[in-house]
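# Report on the structure
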Amino acid sequence: MSSVGGDFYDFIRLDGDRLGIAVGDVSGHGVPAAIFMALTFSLLHAEAGRAGSPGEALRNVNCHLLDMNDSGMFVTVLYGVLNCTTREFDYARAGHELPLLLDARREAVELKPGRGQILGLFSEPVLDEQSVILAPGNLLLMYTDGVNEAMNRDKQQFGLEGLCGVLRAGGRMPAQATCQAVYDAVRAHCSGTPPQDDVLLVAVQLE
């Protein structure tokens, strides 16, 4: 939802019933961020197919970024593999926002936050690696900080409370409608003007 920026997402078809899902946010703005985003996007797409786990994929991407990064930029990434048969979502988080898991009543299911370091700066970043089950009716929401950190004229952030409030009010809407409802609420919070930062949302549901 921005012309030139550093946010990205990707859906990567893996073997069998497995689907790779990634959301990332590059430091900075403008053309340099867009270039670094495209580089990270391409590296992740290449490594996802041969890595044995989401964590391995991100560590491999990090190694490549260290060799190519002369600008001192970095990227936060949440990358997971969804097994559509077992309903498991195994993910690795590198400095990115923790995903939101909501039950069928659209109440948040607590996920324990682990330590996850950004990619592109450290030779051996610590990653937050976890696994969750998407039960029927659950919604998994992945997003960038342009959502929760969006500020109104009084410098008040939209916050996780605002995000969860929209999701509860929307009930069991389809994934696309859920993302649109959140974006509309963020824009309204910003007094009807476009948010100051990129806003990116990916919602996942399994019936």
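Since the structure is predicted, the reported quantities are computational estimates derived from the model, not experimental observations.

A word on helix 4 (residues 159-170). Under the 1.5 Å per step criterion, the end-to-end length of helix 4 is 17 Å for 12 residues, consistent within 8% with the ideal 16 Å. When helix 4 is considered as a whole, its buried residues turn out to be Gly159, Leu163, Cys164, Val166 and Leu167. Residues of helix 4 that are buried sit in contact with strand 5 (100-102), strand 8 (139-143), helix 3 (145-148) and helix 5 (175-189). Backbone geometry just downstream of helix 4 places Gly171 in the positive-phi region, at approximately 65°.

As summarised here, the arrangement of the five strands in space is 1-2-3-4-7, forming an open sheet in which the pairing is antiparallel. One side of each edge strand has no neighbouring strand; the edge strands of this open sheet are strand 1 (7-13) and strand 7 (128-133). Between one strand axis and the next, the sheet turns through 15° on average, direction left out of account. Two elements, strand 4 (residues 88-94) and strand 7, share six bridges in a ladder whose sense is antiparallel. Across the sheet, Asp90 pairs through a bridge with Ser131, a residue of strand 7.

Let us look at helix 2 (residues 54-68). The terminal C-alpha atoms of helix 2, which comprises 15 residues, lie 21 Å apart, in line with the 21 Å expected from a rise of 1.5 Å per residue. Within helix 2, burial applies to Pro54, Gly55, Ala57, Leu58, Val61, Asn62 and Leu65. Down the axis of helix 2, the buried side of the element spans an arc of 155°, and every buried residue falls inside it. Buried residues in helix 2 make contact with helix 1 (30-48), strand 3 (75-83), strand 4 and strand 7.

Scoring rules and cut-offs
- Residues numbered from 1 in each chain as written.
- Predicted model: local features only at pLDDT ≥ 70, side-chain atom pairs only at ≥ 80, totals over all residues.
- Heavy atoms only, no water.
- Helix = DSSP H or I, 4+ residues; strand = E, 2+ residues; numbered from the N terminus.
- Expected span 1.5 Å × (residues − 1).
- Buried < 20%, exposed > 50% of the residue type's maximum accessible area, 1.4 Å probe, protein only.
- Contact = heavy atoms within 4.5 Å.
- Pairing = 2+ DSSP bridges.
- Axes fitted to C-alpha atoms, helices over the stretch in contact; angles between N-to-C directions.
- Arc of directions from axis to C-beta.

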